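Below are the chains, spelled out letter by letter.
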Amino acid sequence: MILKNINHPFAYHTQKIATMFFPLEKIREDGESEITVETEIENGCCFVSATVYGKSLERKCETEENEDMAQAMSLLLWGVLSELTGFKPPWGILYGVRPARLMHSKCEALGEDGARDYFLENLAEPERVELALEVMKRENEIIKLSRSNSCSLYVSIPFCPTRCAYCSFVSHSIENAGALTDKYTELLCRELESKAKVISDLSLRLETVYFGGGTPTALSAPQLVKLLKAVKDNFDFSTVREFTVEAGRPDTVDAEKLAVLKKYGVTRISVNPQTFDDKVREMAGRKHSTAQTLEAFSLARENGFDNINMDLIAGLEGDTLETFKASVDKAVSLGAESITIHNLSLKSAAYLVTEKRYYDLSKKLLPYEMVKYAGEKLRRSGYYPYYMYRQSKSLGNLENVGWCKKGRECLYNIFMMDETHTVLAAGAGGVTMLKNTESGHIERIYNYKYPYEYINNFDSVISKNGGIYSFYNA
């Protein structure tokens, strides 16, 4: 699409608004396109003209002295595009990743009523406003657990059995990258030892440990033993409140691996169907069956896991409202302690986007109905929303929400999403987030993105720990 911004510095805002409506369009300043938008400010007046697939519309609005011009332009552009497309993004012109955190800051500054007004003035739906407020309150109860010297540990396992069609994570199939896993595991154990020393030297308090990816259980049972032993042998677990390992792909779960997780004190796992419809699952590129999902869940229960999360995705190719409802109903009937409802995000690196061009403007309202049903069903079934986040280029511009039974919140998810305290990351693709809890200042240290880079540059990986010491000793 063509987006021209004339006589104003708000290109970032207008691009964000345009992406809400056209998430797969590459935005350019000139050329030819069936979607063209021009925004301009002149003598305190905002102008927007747009043509979308042959339909054209022009609007203007006069602004008052000291009015927020970025907001005024965003509201005008949102209105023009919503009228042309017949679609009204449910969060209005708000595009931040962390709605609950924004709600928290506005409540502190304006009070609860003032915060509500702020969201509504920015065209967020009333239901979204109340959701953000509820999640904020749930999150705050967990955030109170964190201390000034608290931290969490994230361990990255960037391997999966196969790559899902919607995935944009740095994840490699075991089939293609299996030869790297032994060396990767060996070096990751060494990095974990170094991170444990950092925590000890700086007198940090470890609150949560999270193994993510990828799919950690894509590793073999002996490899998992090495990693889990490295964690338990080197870190002080006396303050750890939660130990999560994602076993997201049911085709990687067996009794031996579950026994290993249990032996080393893992308290929470994920078994993620994404859908219980085999046809939808196959189109998503997940090489497992619904029967395998049910077997993995049953095995986890048999091995004593009483805190299991299941992920579902609204908007997958081939999914209908009825098949999605059936997936939600099935997850609830299994009694999963938490169920996370994701909204399909059309990331540019995903096969779904780069190869299949699945996205269709007419599909925007379907995930809206899916998410609505999920919320209603989960509330009736004793779950409540405890954390949330948004992704750019999501189908329908919706949110991802974690729902849980009482007392079954994933603490790591909240600490990470709120940026409550330092998160030390180990492994390829890991990002260490350092937080000064007094000033709120945050710095990030990035590990090498790909496993082969991580392996080939491991000495450099370890040297980056110097940045952690420098941050805390400043």
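Here's a quick rundown of the structure.

Quick look at the environment of T19 now. Here T19 lies in helix α1 (residues 11-21). Separated by 201 residues in the primary sequence, T19 and S220 place their C-alpha atoms 41 Å from one another. Filtering out sequence-adjacent residues up to four positions away, T19 remains in contact with I27 and K393.

On to the packing of aromatic side chains. Within the structure shown, the criterion is met by 17 aromatic pairs. Centroid distance Y12 to Y95: 5.9 Å. Interplanar angle 75 degrees. Geometry classified as edge-to-face. Here the residue Y12 occupies a position in helix α1, and Y95 occupies one in the loop between α2 (69-85) and α3 (99-121), the gap between them amounting to 83 residues. The partly exposed category is assigned to Y95, whose relative accessible area is 27%. Ring centres 5.7 Å apart and planes at 75 degrees place the aromatic pair Y454 and F458 in the edge-to-face group. Judged on exposure class, the residue Y454 and its partner F458 are both buried.

Time to look at the packing of α3 against helix α4 (residues 126-143). Between two packed helices, the angle of one axis relative to the other and the distance separating the axes together describe the packing. Across the interface, α3 lies against α4 with an axial gap of 10 Å and an inter-helix angle of 130 degrees. By the angle class used here, α3 and α4 are oblique. In this structure, the crossing between α3 and α4 has a hand that is left-handed. From α3, P99, A100, M103, H104, C107, E112, R116, F119 and L120 reach across to α4, where they touch P126, V129, E130, A132, L133, V135, M136, K137, E139 and N140.

Of all five residues making up strand β15 (residues 422-426), five are buried, and the element is well covered by its neighbours. Of the two faces of β15, the one holding T422, L424 and A426 and the one holding V423 and A425 are both buried throughout.

So, about the sheet that holds strand β1 (residues 2-6). Read across the open sheet, the four strands follow the order β1-β2-β3-β4; overall the sheet is mixed. This sheet does not close on itself; its edge strands, each paired only once, are β1 and β4 (55-62). This sheet shows a mean twist of 10 degrees between the axes of neighbouring strands, independent of strand direction. Bridge count between strand β2 (residues 35-42) and strand β3 (residues 45-52): eight bridges; the pairing is antiparallel. Of the residues in β3, the one forming a bridge with E40 is F47. Sheet contacts for α1: β1 and β2; angle to β1, the most-contacted strand, approximately 150 degrees. Contacts from α2 reach β2, β3 and β4 within the one sheet, and its direction differs from that of β3 by about 25 degrees.

Residue position: S345 is located in the loop between β12 (338-343) and α12 (351-354). We classify S345 as buried; its relative accessible area is 9%. Polar contacts involving the side chain of S345 include one to the main-chain carbonyl oxygen of S392, which spans 3.1 Å.

Inspection of every chain in the model, using the stated rule, returns 25 salt bridges. When the shortest N-O distance is used, the salt bridge between E112 and R116 registers 3.3 Å. Of the two residues, E112 and R116 are both situated in helix α3; the distance of four residues between them amounts to about one turn of the helix. In this structure, K229 and D233 form a salt bridge, with 2.6 Å as the shortest nitrogen-oxygen distance. Separated by four residues within a single helix, K229 and D233 lie in helix α7 (residues 221-234), roughly one turn from each other.

Scoring rules and cut-offs
Residues numbered from 1 in each chain as written. Predicted model: local features only at pLDDT ≥ 70, side-chain atom pairs only at ≥ 80, totals over all residues. Heavy atoms only, no water. Helix = DSSP H or I, 4+ residues; strand = E, 2+ residues; numbered from the N terminus. Contact = heavy atoms within 4.5 Å. Phe/Tyr/Trp six-rings, centres within 6.5 Å; stacked < 30°, edge-to-face > 60°. Buried < 20%, exposed > 50% of the residue type's maximum accessible area, 1.4 Å probe, protein only. Axes fitted to C-alpha atoms, helices over the stretch in contact; angles between N-to-C directions. Parallel < 35°, antiparallel > 145°, perpendicular 65-115°, else oblique. Left-handed = near helix turned anticlockwise from the far one by under 90°. Pairing = 2+ DSSP bridges. Polar contact = N/O pair within 3.5 Å; in protein donor to acceptor, adjacent residues only side chain to side chain. Salt bridge = Lys/Arg side-chain N within 4 Å of Asp/Glu carboxyl O.

Interpretation note: all reported values are geometric properties and have no functional meaning in isolation.
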